[in-house]
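Reading the structure
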Amino acid sequence: MTAPRTGAGGPSPVPGRRRRETWLGYALVGPSVFLFGLVYLYPVAYSAWVSVYTWDLVTEARYVGLENYRDLWSAEFREVVANTALYSVGVVVLSQGLGLVLAVLLNNRTWLGAIFQASIFSSYVVSWVAVSLLWIWLLDPQYGLVAYLLSLVKLPSVNWLGDHRIALGSLVLVTVWKTIGYPMVIYLAGLQAIPGDLYEAASLDGAGAWQRFRHVTWPLLTPTTLFLLITLTVASFQGFDIVKIMTQGGPVTSTVIYVYYIYEQAFQYFKLGKASAAVVVFFAVIVALTYLQWLVFRRRVHYAA
Amino acid sequence: MFLVAWLVIAALLGLPGLAGAQGPIVAQFWYSFGGKNREVTEAHIKKFNESQAKYRIEGTFQGDYFQALAKIRAAAATKTAPAVFHVIGEAEPQLWQAGLFENLEAYAKGPNGTNLDDFLPGQTQATYFDYLGKPPAPLFSLPFFRSTPILYYNADLLAAKGVKVPTTWDELRDAAGKLTVREGTDTKVYGFEVPVDWWFWFALLHQAGGSLLTPDGKKAAFREKGTEALQFWVDLVNKDKTMKRPPGKDYSAWEVANTDFLNQRVGMIFTSTAFLNYITENAKFKLGTAFLPAKVKQAVPTGGTFFVVARDAPAPQKEAGWAFIKWMTDPAQTISLSKATGYMPIRLSAINSPEMQAFYKENPNYKTAIDQLKTAQRFPFSAALIEIQREVIQPNLEAAVLGIKTAAEIMAAAEAKTNEILAKTQ
């Protein structure tokens, strides 16, 4: 008698095949892991290595231990951290909040809604360089379109990028303009996943629009909110192009945010060791932040049954 | 049959490859000119390649001077630096001491050599630097595009307001006041604009009678006169409100000043003679140029760049690099390069040639920078120089003009930082 062949779904009766499947799994994942290691882990490890040296690319590197980390704790660095925090909070709060509002407003199946969604999202897919160059001219206090529009309503021109008190805020606004499509689209998906019967049940119980939002929409959107909070925060920490093109960290140092600071230290001042120390700190902070957000919001996430 | 046909075709295709194995020596040239000057540079590279068959130079645009400097350092770290590139004078001491540059003395005196005595004083490496009482470094660079800052003015605007071309700081202040046009709280036309930049600050420092370092190069010497220089700008921008500070860092600000001048939003600017051709071509008004105004004396820095050859490049490429820079600094080329840009010719024979003399008669503005060379100031040959420029002075000038710190505070901090850096590089 021949043994019946087991169908799919049952464990392999032969230990050899199990081992082969495991090895096959590793082999298939291998290239991705290798690339990940090469492109992400290796540079971070290399940065950690360089961070204990002083090196300007052309002269001999000198071992300095933790001196670069001590140097990091300077007034200049603290200003960079403050700028980055302000920028990040501004971008996340505004883009996520306004993105939610837009999603709620455009959550219909009309073609007009689709056109609005598409045009709002279009700025998200355009390159940062193009957007930055465009907005430099729009915001120019003498020649810009914004200055012109302000003059039409008899308001004085604002020096958006040249006033050190508001330059960072201007960058926040440009960033929100560019990226608002993303939270909007994600929230739209989240909204459309909420079953309609919940709204019906709420209306039958006498809930108004605001109460429906507060007790049905908002709680069921918490997974989406959590996801966006993490991704937008991490993304805003990595802002670079907009600073490089629009203000180059100026006026003075008012728009130097973290990644731009790393670039400046490495490629303008040739302090590779200091820049690498900043990279290592950055890496640690982002990992910690991501973990912290996950812990805090884990309990508040409601998944629809 | 099919297979044989393929083999025959492959063989035929391979033959020219074998024959062409003895092609010209190819060397890379990284340059930092965009816009008009880039076209001129590329045209000359092409001309060099066509003028001889032994070497071929491939030019690549690498962004502005500072972006290119970062790339060159990164390339040097991996021993892949281009054979030929050009650098600003301030960067030379540090990079020479780091061993990046080939010593060119032997090349200059060799069979394909060049007459070093024919170079204009003030243009060469030897006359650019003050060697601080130490023996001068050997020849490692040849002047490429060299410049001085000059005063550009809108002659129509000045004539309309009856303003004379200023020759002193006080006259400049006066003229700026007369040229400024205001409508309510809006300033429609500024009298004066200059990038708040190291190069122009250096000019003002010397015009006020100061200097950057002590004669032995061991300590900073710019505090008092540097404050005076910076304070001049602070007063023009904040007190008189007749000077516009162009926004942006490094060369972004220079572009704004040029654009404002061409748009007739400002009556006078300081900028490099390097933009003379570009501004002349695009100005819809009568353009005038003049020396920078004096305080205690007339003084200007020279600027622009020097050709260098990478020491770590393979010997044939270095040879190609030398041939190229020798050709580029020959009288014929320096004439065509100068006429097309506004940068000064670097050879006496070129300036005295009938061609250039006729050119200057027709285009007197091109002569301003050359005449001004007699007031050129030297830079200290110190490895700390580029750091002082990029870290200590350049990023901090803005704060005074924006009213965040006083000029005195900034210069005091700059002096302390400079002495720190100098102590490290001794």
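Quick summary incoming for the structure in this document.

The rules we used
- Numbering of residues begins from 1 in every chain and follows the order in which that chain's sequence is written.
- The lettering of chains begins at A and the numbering of ligands begins at 1, in the order of writing.
- Side-chain atom pairs in this predicted model are given and counted only at pLDDT of 80 or more, local residue features only at pLDDT of at least 70, and totals for whole chains, interfaces and linings cover all residues.
- The secondary structure listing takes helices from DSSP runs of H or I that are at least 4 residues long and strands from runs of E that are at least 2 residues long, numbered from the N terminus.
- Exposure classes come from backbone-placed C-beta atoms, where a residue is buried if 20 or more other C-beta atoms lie within 10 Å of its own, exposed if 12 or fewer do, and partly exposed in between.
- Residues are treated as contacting if the C-beta atoms built from their backbones sit within 7 Å of each other.
- Under this grouping Gly is polar, as are all residues other than the nonpolar Ala, Val, Leu, Ile, Met, Phe, Trp, Tyr, Cys and Pro and the charged Asp, Glu, Lys and Arg.
- Each nonpolar core consists of buried Ala, Val, Leu, Ile, Met, Phe, Trp, Tyr and Cys residues. Their C-beta atoms, within 7 Å, join them into a set.
- As used throughout, domain bounds are those supplied by an automatic or database domain assignment.

1. Here we look at the environment of A130(A)
Residues and elements named next belong to chain A. Mapped onto the elements of the fold, A130 is located in helix α5 (residues 128-138). Exposure remark for A130: the 12 C-beta atoms within 10 Å place this residue in the exposed category. Between the C-alpha atom of A130 and that of I245, which follows or precedes it by 115 residues, the distance is 9.6 Å.

2. Examining the interface of chain B and chain A
Between chain B and chain A, the contact holds 21 residues from the first and 17 residues from the second. Contributing elements (two or more residues each) for the side of chain B that touches chain A: α3 (65-77), α18 (385-393) and α19 (397-401) of chain B. Broken down by element, the side of chain B that touches chain A gets its largest block of residues, six residues, from α3(B). Residue composition of the side of chain B that touches chain A, by class: 12 nonpolar, three polar and six charged.

3. Details of the nonpolar core
Nonpolar side chains in soluble globular proteins tend to be buried together. Residue and element names in this part refer to chain B. Counting 120 residues, the largest nonpolar core has V84, F192, W201, L230, W233, M268 and F324 as the members making the most contacts within it. Sorting elements by how many residues they give to this core places helix α9 (residues 198-207) first, with eight residues. Lining this core are residues from two domains, each supplying at least three of them: domain 1 (25-147 + 303-376) and domain 2 (149-301 + 384-425). Contact partners of F324, with chain neighbours within four places excluded, come to F29, F48, Y55, I57 and V84.

4. Notes on the environment of G65(A)
All names here are of chain A. Of note, G65 is situated in the loop between β2 (62-63) and α2 (67-72). With 9 C-beta atoms counted inside 10 Å, the residue G65 sits in the exposed group. With 143 residues separating them in the primary sequence, G65 and G208 have C-alpha atoms 63 Å apart.

5. Here we look at the environment of L100(A)
Residue and element names in this part refer to chain A. Mapped onto the elements of the fold, L100 is located in helix α3 (residues 75-105). With 24 C-beta atoms counted inside 10 Å, the residue L100 sits in the buried group. Considering only alpha carbons, one finds L100 and P183, 83 residues apart in sequence, at a separation of 7.0 Å. Excluding its chain neighbours within four sequence positions, the residues that come into contact with L100 are P183 and Y187.

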